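Coordinate analysis (summary)
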Amino acid sequence: HELNTEKILLLARYLIDNEQKEKTLKLAEELIKDTIDPTAFLVWFVENYPTSAKIMRVKPDYQYQFK
């Protein structure tokens, strides 16, 4: 029985670790998908100021064009 118990525990740990890895990878993918490129955004903002400030006030979602 001890050998079977050890195998079951090892399998359970393996499954838990893999499940956690998958969750972490999914979260990382979503974070990357939802993150803008701050350098590209700031370059656009500075080069187009003050028009860019007006655009951001009216359409804050405009930032998502910089991915």
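Above this text sits the structure in question.
These numbers were taken from a predicted model, which means no experiment stands behind them.

Turning to a nonpolar patch on the surface, a few remarks are in order. A surface patch of nonpolar side chains, about 330 Å² in accessible area, is lined by L11, Y14 and L15. Taking the relative accessible area as the measure of exposure, Y14 reaches 51% and is therefore exposed.

Their axes nearest at 6 Å, the elements helix 2 (residues 38-47) and helix 3 (residues 51-58) cross at an angle of 120°. Looking at the two axes, helix 2 sits oblique to helix 3. Of the residues in helix 3, those in contact with F41, W44 and F45 of helix 2 are S52, A53, I55 and M56. Looking at the contact of helix 2 with helix 3 residue by residue, the classes come out as six nonpolar, one polar and no charged.

Right, let's talk about the packing of aromatic side chains for a bit. All told, the structure shown has eight aromatic pairs when counted by the stated rule. Ring centres of W44 and F45 lie 6.2 Å apart, and the angle between their planes is 65°; this geometry places the pair in the edge-to-face category. Using a relative accessible area of 13% as the deciding quantity, one classes W44 as buried. By relative accessible area, F45 is classed as partly exposed at 22%. When the centroid spacing of 6.1 Å and the interplanar angle of 65° are considered together, the rings of Y62 and F66 count as edge-to-face. The exposure class assigned to F66 is buried, which follows from its relative accessible area of 13%. Among the aromatic residues, those joined into a cluster by ring pairs are F41, W44, F45, Y49, Y62 and F66.

Every buried residue of helix 3 is listed here: S52, A53 and M56. The arc that holds every buried residue of helix 3, seen down its axis, measures 100°, which confines them to one face. Structural note: helix 3 exposes K54, R57 and V58 on the side pointing more than 90 degrees away from its buried face.

Criteria and cut-off values
- Residues numbered from 1 in each chain as written.
- Predicted model: local features only at pLDDT ≥ 70, side-chain atom pairs only at ≥ 80, totals over all residues.
- Heavy atoms only, no water.
- Patch = residues over 30% accessible without salt bridge, like charges linked within 9 Å, V, L, I, M, F, W, Y side chains within 5 Å.
- Areas by Shrake-Rupley, 256 points an atom, 1.4 Å probe, with all protein chains shown as cover.
- Salt bridge = Lys/Arg side-chain N within 4 Å of Asp/Glu carboxyl O.
- Buried < 20%, exposed > 50% of the residue type's maximum accessible area, 1.4 Å probe, protein only.
- Axes fitted to C-alpha atoms, helices over the stretch in contact; angles between N-to-C directions.
- Helix = DSSP H or I, 4+ residues; strand = E, 2+ residues; numbered from the N terminus.
- Parallel < 35°, antiparallel > 145°, perpendicular 65-115°, else oblique.
- Contact = heavy atoms within 4.5 Å.
- Nonpolar A, V, L, I, M, F, W, Y, C, P; charged D, E, K, R; others polar.
- Phe/Tyr/Trp six-rings, centres within 6.5 Å; stacked < 30°, edge-to-face > 60°.
- Arc of directions from axis to C-beta.

Spatial relationships are all this shows, so hold off on functional conclusions.
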